[in-house]
Amino acid sequence: QVEPGNRLLGERSARALGMLLQFGAGVALLLDMHGTTSGLPILNGLFLGTALVALAGIFSAFILHRHKQEILPWESLLGTILLAWGLIWWFVGGLAEIDRRGPEDYRMGIVLVFLAGSSLTCDIIERKLVWPAMTWPALSLLPTLALCALAGFSDGIHPLAGGGFIGWPLALGTLYLILYRHESLPERLLGLLHSTALWLLAWLLCLELAWQFDHWISGSPVWPLIAWGLVPSFLVLLVSASVGRAPWPLKRHGDLYLSLGLGPLVLASWAWSLYATAESPGNPFPIRYLPLLNPLDVTFAVIAVILPLWIRRLGAEFSEFFARHRAMQAFYSIYFATLFIWLNGILARSVHHWGGVRFRFPALFHSVLFQAALSIFWSLLALCVMVFATRKRIRAVWLTGAALLAVVVIKLFAVDLSGTGTVARIVSFVGVGILLLVIGYFSPAPPRNPEEIQS
């Protein structure tokens, strides 16, 4: 009869030998990989070998997990290593097989289906066998999809190409199914996962819409450019309008989608609008350029409408935070400053298309036509702001218009007067002078306080 101590030592030695044999099998397969590549797709030595090594590692890790109360701590650590070992062999072997034998025209779609199916299988195993460690390979579908999107972008492949029209819907559907089955995760982790999934969806839609615009309306870079402003804006509108009304996940995680999910999309739309204003002349070929009625300006208008809708919905959801930090006032200060930049961009593009001035800062700055148009436009804008402030009795807004008007006067003498004698400069001086008279008549300064209003 074997003593208990010797029996335990023998069992542990056998387990250790079994683990070493698995690692040895993997090394042997790597050394003889060149001789195992022949055969049919899937039914060949290389893929079957990698699959066997992978399944053996995963099965061994599960056995160690099932008997975790009876093994030593170092064996539990080796179980985690074996699980990672098996999963690496499975994913690397599968992707290598797709790369070697998958049809090139559908390779991306096959990769996406393989990743989604593998992650869903891990999720099923985790639930059926009560094996929490399999949660992470299931959730790893999200970063692997992001890597696939990045790889397609670097190769110049739009998302629906290469079988992506099948692969991406299936992969994204599987991703949300896995997220739905893991609602018990910590709230912060769930928020990060759902938000990243939304950002990935926005990225894919931007890539696809930009490619479609460029494919069907070639000849002007403005068409693919506007895709990067339209997609985030419409996602912001759709999600903001659906929070609290649509089913999962928007109903359960509405506050996360409004804040962490949509916040970066709003920031991306805002940053894109500034970039497009500064860099794009807005040539809408094959149609003619018209101020406000061109694809770039229409996209700006969409963003201008959607951003206040989002901030109001967010303010209703986080009313205490907004009241404590005066976030609404800060937002509208940035919002109206951005509107001012957009309007100046529209004026610059109009001068470029209709006045023949190059759409570059030095050329515009030294253009007499642009400087005259700018002076008159700023004066008109100051007039509108000051009349509005007088009617609503908002002194701070009236002072903003007055400050803009002061800038116009300084600009007239510092810039416009430097080259007197042209018709454009004369028009700018006369136009600004007339507008000053109109402003003085129609928009006196509002009173400072309610007592002055009553008097």
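Quick note: structure is the one above.
Scoring rules and cut-offs
Residues numbered from 1 in each chain as written. Predicted model: local features only at pLDDT ≥ 70, side-chain atom pairs only at ≥ 80, totals over all residues. Heavy atoms only, no water. Core = buried A, V, L, I, M, F, W, Y, C linked by side-chain atoms within 4.5 Å. Buried < 20%, exposed > 50% of the residue type's maximum accessible area, 1.4 Å probe, protein only. Helix = DSSP H or I, 4+ residues; strand = E, 2+ residues; numbered from the N terminus. Contact = heavy atoms within 4.5 Å. Axes fitted to C-alpha atoms, helices over the stretch in contact; angles between N-to-C directions. Left-handed = near helix turned anticlockwise from the far one by under 90°. Nonpolar A, V, L, I, M, F, W, Y, C, P; charged D, E, K, R; others polar. Expected span 1.5 Å × (residues − 1). Bend = angle between axes of the 7 residues up to and from the residue. Phe/Tyr/Trp six-rings, centres within 6.5 Å; stacked < 30°, edge-to-face > 60°. Patch = residues over 30% accessible without salt bridge, like charges linked within 9 Å, V, L, I, M, F, W, Y side chains within 5 Å. Areas by Shrake-Rupley, 256 points an atom, 1.4 Å probe, with all protein chains shown as cover. Salt bridge = Lys/Arg side-chain N within 4 Å of Asp/Glu carboxyl O. Arc of directions from axis to C-beta.

Thoughts on the nonpolar core
Membership of the largest hydrophobic core comes to 41 residues, with the highest contact counts inside it found for Leu262, Leu296 and Trp310. At the level of elements, helix H8 (187-216), helix H9 (222-242), helix H10 (254-279), helix H11 (295-317) and helix H13 (327-355) are the ones that each hand at least two residues to this core. If we ignore the near neighbours within four places in the chain, the residues touching Trp310 are Val236, Ser240, Leu258, Leu262, Gly263 and Val266.

Observations concerning the packing of H13 against helix H15 (residues 368-392)
Angle between the axes and distance between the axes are the two parameters that describe a pair of packed helices. Contact geometry of H13 with H15 gives a least axis separation of 11 Å together with a crossing angle of 145°. Crossing geometry of H13 relative to H15 is assigned as right-handed. Counting all contacts with H13, which are made through Phe340, Leu343, Asn344, Leu347, Ala348, Val351 and Gly355, the residues of H15 involved are Leu369, Phe370, Ala373, Leu374, Phe377, Trp378 and Leu381. Counted by class, the contact of H13 with H15 contains 12 nonpolar, two polar and no charged residues.

A closer look at H10
A rise of 1.5 Å per residue sets the reference length of H10, with its 26 residues, at 38 Å; its end C-alpha atoms lie 36 Å apart and thus fit the reference within 8%. At Leu262, H10 shows its maximal bend, which comes to roughly 50°, and the proline Pro264 appears one to four places after that position.

Side note on the packing of aromatic side chains
Tallying each qualifying case throughout the model produces 20 aromatic pairs. By the ring-pair criterion, three or more aromatic residues cluster together here, those being Phe47, Trp90, Phe91 and Phe114.

Quick word on unusual backbone geometry
Omega for the peptide link from Trp248 to Pro249 comes to 5°, which places this bond in the cis form. By the secondary structure assignment, Pro249 is in the loop between H9 and H10. Of note, the bond from Phe285 into Pro286 is cis; its omega dihedral lies within 30 degrees of zero at 15°. The backbone of Val130 shows a phi angle near 50°, a positive value even though the residue is not glycine. Taking the relative accessible area as the measure of exposure, Val130 reaches 60% and is therefore exposed. With a phi close to 75°, Leu292 is a non-glycine residue in the positive phi region. By secondary structure assignment, the location of Leu292 is in the loop between H10 and H11.

Examining a nonpolar patch on the surface
Together, Tyr106, Ile110, Val113, Leu160, Phe165, Ile166 and Leu170 make up a nonpolar patch on the protein surface, roughly 620 Å² of accessible area in all. Listing elements by their share of the nonpolar patch, those giving two or more residues are helix H4 (107-129) and helix H7 (164-180). For the nonpolar patch, the element with the highest residue contribution is H7, accounting for three residues. You can call Leu160 partly exposed: its relative accessible area is 39%.

A few points about the pattern of salt bridges
According to the stated counting rule, one finds six salt bridges in the structure shown. Two residues, Arg107 and Asp99, come together in a salt bridge whose shortest N-O distance is 3.9 Å. For the salt bridge of Arg349 with Asp297, the shortest nitrogen-to-oxygen distance reads 2.8 Å. Of this pair, Arg349 sits in helix H13 while Asp297 sits in helix H11, and the two are 52 residues apart along the sequence. Like Asp297, Arg349 is buried. Because the salt bridges share partners, they merge into one network encompassing Glu97, Arg100 and Arg101.

Describing helix H16 (residues 395-414)
When the terminal C-alpha atoms of H16 are compared, their 28 Å separation across 20 residues agrees well with the 28 Å that a helix rising 1.5 Å per residue should span. For H16, the set of buried residues is Trp398, Gly401, Leu404, Leu405, Val408, Lys411 and Leu412. Here the buried residues of H16 occupy an arc of 135° about the axis, which is enough to place them on one side. For H16, the exposed residues set more than 90 degrees away from the buried face come down to Ala396, Thr400, Ile410, Phe413 and Ala414.

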